[in-house]
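Below, each chain spelled out in residue letters.
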Number of protein chains: 2
Amino acid sequence: MNMPPTSEFFEFLRFPSISTDPAYAPQLAACADWLDQKFQRMGLESQVYPTAGHPIVVARSKPKPGRRTILIYGHYDVQPVDPINEWTTPPFEPSVRDGVVFARGSADNKGQIFSHILGVEKTLREKGELPVNVIFLVEGEEEIGCEHLGGFLEEHREELACDLMVVSDNGMVARGYPSLTYGLRGIFAMEVKLHGAESDLHSGIYGGMAPNPATLLARMIATLHDEQFRVAVPGFYDAVVELHDWERAEWARLPLDDDFFKAAIHCQALMGEAGYTAAERAWARPTAEVNGIGGGYQGHGTKTVIPREAFAKLTFRLVPNQTPAEIEAKVRAHFTRVCPPQVRLEMVAGHGGEPFLCDPHSADGKAARRAMARTWGVEPALTREGGSIPILDTLRRTLGAEILLLGLALPDAACHAPNENFPLENLEAGIRMNQALLEELAGV
Amino acid sequence: MNMPPTSEFFEFLRFPSISTDPAYAPQLAACADWLDQKFQRMGLESQVYPTAGHPIVVARSKPKPGRRTILIYGHYDVQPVDPINEWTTPPFEPSVRDGVVFARGSADNKGQIFSHILGVEKTLREKGELPVNVIFLVEGEEEIGCEHLGGFLEEHREELACDLMVVSDNGMVARGYPSLTYGLRGIFAMEVKLHGAESDLHSGIYGGMAPNPATLLARMIATLHDEQFRVAVPGFYDAVVELHDWERAEWARLPLDDDFFKAAIHCQALMGEAGYTAAERAWARPTAEVNGIGGGYQGHGTKTVIPREAFAKLTFRLVPNQTPAEIEAKVRAHFTRVCPPQVRLEMVAGHGGEPFLCDPHSADGKAARRAMARTWGVEPALTREGGSIPILDTLRRTLGAEILLLGLALPDAACHAPNENFPLENLEAGIRMNQALLEELAGV
């Protein structure tokens, strides 16, 4: 394998571009400037656009008429590093162990977007030109909800006009096992709180007469699923697009059986909707999950109180064609109906994001698959993922072009966690994939 | 009303005799010595017994043959004062406002036991002797589980031999509305924990396949009661002694309807077992209460995790003839049966205490009722209470004598809470009650 030079990549990784913490704003600006200069050195037209938050970098090859335009989206901001003491080496001092780079942002998303940048650079160096027109759109607020990208897209819709978008901000099935990801789940978050008496009560004096919000909340949470772990909110599945036979067949051949997942998460048995495999449930079926539950005494031992309130933090993962607004209405109606009269129900909606689905059998999808097969020597898997990238829907709606998701992170990349990592062989493969992809897309 | 002198009472209240904090051990010892000297000044034989914890004070009148012996139990230790900033005046600097003394321990139990002491002192002063032989047993570990009293009782069983015990460490129905309390509930505590995956998981990546201990715990908690809020643990009611008709009739005439309790705890509706009034449920029916529930994200907003574990802290209040051991076995069997295979169940038993019941229609019970009627000018209510005083069972078993509970605290005494208080009129009434009680008991 012809390993890419890592010194530039490490420069990129050393910026502590933690977008959620305003204290790092200067480092994000410096990182955007560094990218801008990199693009200019490659011979691209590049510009840094300030926003009310962190800047957006846009770079483009000199447009050649008659060629297709491909927009490559990525982000240079990263997650916080807590818990810092669980890192083997400092998160912003890249360290290579057994050919794997350990650093915050190495997989999410600096390594992935940088492999595209290096691919374009290599093609330009080797051929003097690109087979397509390329636009890089690299933002600094992906980890905090892309607050300013939507408005920017509206404002720069014409300059960003393209035939197709490419995003590598997700995962491969396994090492050496590429995948074209054609679907993601959406999300809707809601906190449910029950209020009982005005204060915590003595469970001896009032036990048996006072409303117990913890008991009642448990009963309400228990109504979220039936015995088959189907979500029991009325109408929840109304808009759900069922899996196609080809998808189930495609996923059945992946090495992702129950034992694989049980070993991955170290549990004694998996759980979920009857009638679907684990991958089907996580990638293409909607869920209702309790992310947190609390109320009453949390300390050691016993405290004989009846809690005055209890809460559950819920997220619902959505699949086409569910929408956050639809699910919010149905969940609100459900909890309102099942809430007992002894407590006051409070529901606070959190963030929402639309699910994403595209056609991997389109001409562009097939071109991407050929590029991946050329890069890795194996046919890519056609997969969906269970997570959510809400900005994809905004990109597609605003720019009116389809999106291909070609993830380069491994399942153990530890994105958002300590010891995030990215193999140098994936950086190298990403460079070759970019070169092959632009060639294949040019011919569509 | 002939108000008692308060200076001695205030001396008693000024000892910060917080038994749970070892730093206060010297103050508990000083308080015990102070009591000992008080008893000696009254002409009683008194002795302070050291224990491995806080001392026990025993005082007795000079025994006269042919007279009955009455043991009066109380405690000089108090609860901690947190949250200290919610006290209007300092907890160990007694303050009288509108005839009510505010101080930690004023109601629980210093005011109540001190009224008995002053009653005995007054009778001795007025008559030169008591109509019965009296033993005072005043300990310093009631608020922390009476750890050393059981052994002390075994060791001093003969010296403490008595015909009847009297305890004032509980409440009256309302101001001027005395009650003879003939029943208390027992208790059994258990923490239930469910373990899923090895660590918290991303709810996008694994939602729909990973076990969710919070969801499953809610389903298990929901099996604790049926739709009528009867405890649904199989066999839970097997040993329960049903309420007698006279008890229901007695309680029905008390001013304790749903509106009273709703106003007391500020809730929109009461909850509990169908077929019983609120007082019946809280005093004479067993319960299963969630005292605390927790698992997963507890902070602000959303964190999209599947918790690796979830817990519920439970207490079961017991009524005659349920026992903690019986209920533990039934609850363990129930949770073991309903626990789903996706999670590992952990159950940790906490403390237990037997329920208490005596006969208010016994000759001694009737004597106590006459004494209360003489004191307040109204017939006392015959009540039970929902809380637990596990030491009563130990006292009764070890010394082989019955116990009468004649509470002097008002419902708003704020025992264990900031601004604990005790009206001076209750101290005065307690003195008269003690005098009348010893007279009435002498004639039985």
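Residues numbered from 1 in each chain as written. Chains lettered and ligands numbered in written order. Predicted model: local features only at pLDDT ≥ 70, side-chain atom pairs only at ≥ 80, totals over all residues.

Asker: Lay out the domain arrangement of chain A in plain terms, naming residues and giving numbers.
Answerer: Residues and elements named next belong to chain A. On domain assignment, one finds that chain A holds domain 1 (7-184 + 356-442) and domain 2 (186-240 + 286-353). Look at where the C-alpha atoms of domain 1 and domain 2 centre, and you get two points 38 Å apart. Facing the five residues of domain 1 at the interface are six residues of domain 2. In terms of residue class, the side of domain 1 that touches domain 2 is built from two nonpolar, three polar and no charged. (Domains from an automatic or database assignment. Contact = placed C-beta atoms within 7 Å. Nonpolar A, V, L, I, M, F, W, Y, C, P; charged D, E, K, R; others polar.)

Asker: Account for the sheet that holds strand β11 (residues 287-296) of chain A, with residues named and values stated.
Answerer: If you walk across this open sheet you meet the eight strands as β14(A)-β9(A)-β13(A)-β11(A)-β11(B)-β13(B)-β9(B)-β14(B), and the pairing is antiparallel. Each edge of the open sheet carries a strand with a single partner, namely β14 (344-353) of chain A together with β14 (344-353) of chain B. Shown here is a sheet whose adjacent strand axes are inclined to one another by a mean of 20 degrees, direction ignored. Bridge count between strand β9 (residues 186-195) of chain A and β14 of chain A: eight bridges; the pairing is antiparallel. Bridge pairing links H195 of chain A to R344 of chain A in β14 of chain A. Seen against the sheet, helix α5 (residues 213-221) of chain A touches β9, β11 and β13 (309-318) of chain A together with β11 (287-296) of chain B and runs at an angle of roughly 20 degrees to β13 of chain A. (Pairing = 2+ DSSP bridges. Helix = DSSP H or I, 4+ residues; strand = E, 2+ residues; numbered from the N terminus. Axes fitted to C-alpha atoms, helices over the stretch in contact; angles between N-to-C directions.)

Asker: Please give an account of the relation of the copies chain B and chain A that cites residues and values.
Answerer: Relative to chain A, chain B is turned by 180 degrees and slid 0.1 Å along the rotation axis, the superposed coordinates differing by an RMSD of 0.1 Å. One copy is carried onto the other by what is essentially a two-fold rotation axis. (Least-squares fit on C-alpha atoms with pLDDT ≥ 70 in both.)

Asker: Describe the interface of chain B and chain A, with residues and values.
Answerer: Listed by partner, the interface residues are 67 residues for chain B and 67 residues for chain A. Elements supplying a minimum of two residues to the side of chain B that touches chain A: β10 (201-202), α5 (213-221), α7 (258-265), α8 (278-284), β11, β12 (305-306), β13 (309-318) and β14 of chain B. When residues of the side of chain B that touches chain A are assigned to their parent elements, the largest contribution, nine residues, is made by β11 of chain B. Classifying every residue of the side of chain B that touches chain A by side-chain character gives 28 nonpolar, 28 polar and 11 charged.

Asker: Residue-level account of the packing of helix α3 (residues 106-127) of chain B against helix α12 (residues 424-442) of chain B, with values.
Answerer: Residues and elements named next belong to chain B. Two elements in contact, α3 and α12, have axes whose closest approach is 7 Å; the angle formed by their N-to-C orientations is 55 degrees. Considering their axes alone, α3 and α12 lie oblique with respect to each other. As for the relative orientation of α3 and α12, their crossing is right-handed in sense. Side by side, α3 and α12 meet where G111, Q112, S115, H116, L118, G119, V120, K122 and T123 of the first sit next to N426, L427, G430, I431, N434, Q435 and L438 of the second. Classifying every residue of the contact of α3 with α12 gives five nonpolar, 10 polar and one charged. (Parallel < 35°, antiparallel > 145°, perpendicular 65-115°, else oblique. Left-handed = near helix turned anticlockwise from the far one by under 90°.)

Asker: If you had to explain the nonpolar core to someone new, which residues and values would you point to?
Answerer: Core analysis: the biggest nonpolar cluster contains 99 residues, and A210 and L217 of chain A together with A210 and L217 of chain B have the highest contact counts within it. If we skip the residues at most four places from it in the chain, A210 of chain A touches G196, A197, L201 and I306 of chain A together with I265, C267, L270 and M271 of chain B. L44, V57, F136 and C146 of chain A belong to the second-largest nonpolar core, a separate cluster that totals 81 residues. (Core = buried A, V, L, I, M, F, W, Y, C linked by C-beta atoms within 7 Å. Buried ≥ 20, exposed ≤ 12 C-beta atoms within 10 Å, placed from the backbone.)

Asker: Before we move on, can you summarise α5 of chain B with the specific residues and values?
Answerer: Across the nine residues that make up α5 of chain B, a large majority, nine, are buried. Listed in full, the buried residues belonging to α5 of chain B are P213, A214, T215, L216, L217, A218, R219, M220 and I221 of chain B. On its buried face, α5 of chain B sits against α5 and β11 of chain A together with β9 (186-195), β11, β13 and α9 (324-338) of chain B.

Asker: Explain the sheet that holds strand β5 (residues 100-102) of chain A to me, using residue names and the numbers behind them.
Answerer: Residues and elements named next belong to chain A. With respect to topology, three strands assemble into an open sheet ordered β4-β5-β18, the strand pairing being antiparallel. Strand pairing shows two members of the sheet lacking a second neighbour, β4 (95-97) and β18 (421-423), which therefore form its edges. Averaged over neighbouring strand pairs, the angle between their axes works out to 30 degrees when direction is ignored. Where β4 and β5 come together, three bridges link them in antiparallel fashion.

Asker: Describe the packing of α5 of chain A against α5 of chain B, listing the residues and the values that go with them.
Answerer: Packing of α5 of chain A against α5 of chain B leaves a shortest axis separation of 7 Å and a crossing angle of 110 degrees. With respect to α5 of chain B, the axis of α5 of chain A lies roughly perpendicular. Between α5 of chain A and α5 of chain B lies a crossing of left-handed hand. Here α5 of chain A contributes T215, A218 and I221 of chain A to the contact with α5 of chain B, which in turn contributes T215, A218 and I221 of chain B.

Asker: Would you mind going over the environment of R432 of chain B in detail, with residue names and values included?
Answerer: Residue and element names in this part refer to chain B. Here R432 lies in helix α12. On the basis of neighbour counts, which here come to 19 C-beta atoms within 10 Å, the residue R432 falls in the partly exposed class. The sequence separation of R432 and L118 amounts to 314 residues, and the corresponding C-alpha distance is 9.2 Å.

Asker: Report on α9 of chain B, specifying residues and quantitative values.
Answerer: Residues and elements named next belong to chain B. For α9, with 15 residues, the first-to-last C-alpha span of 21 Å sits near the 21 Å given by 1.5 Å per residue. Buried within α9 are the following residues: P324, I327, K330, V331, H334 and F335. Viewed end-on, α9 has its buried residues packed into an arc of 130 degrees, placing them on one side of the element. What points out from α9, more than 90 degrees from its buried face, is the exposed set A325, A329, T336 and R337. Elements in contact with the buried residues of α9: β9, α5, β13 and β14. (Expected span 1.5 Å × (residues − 1). Arc of directions from axis to C-beta.)

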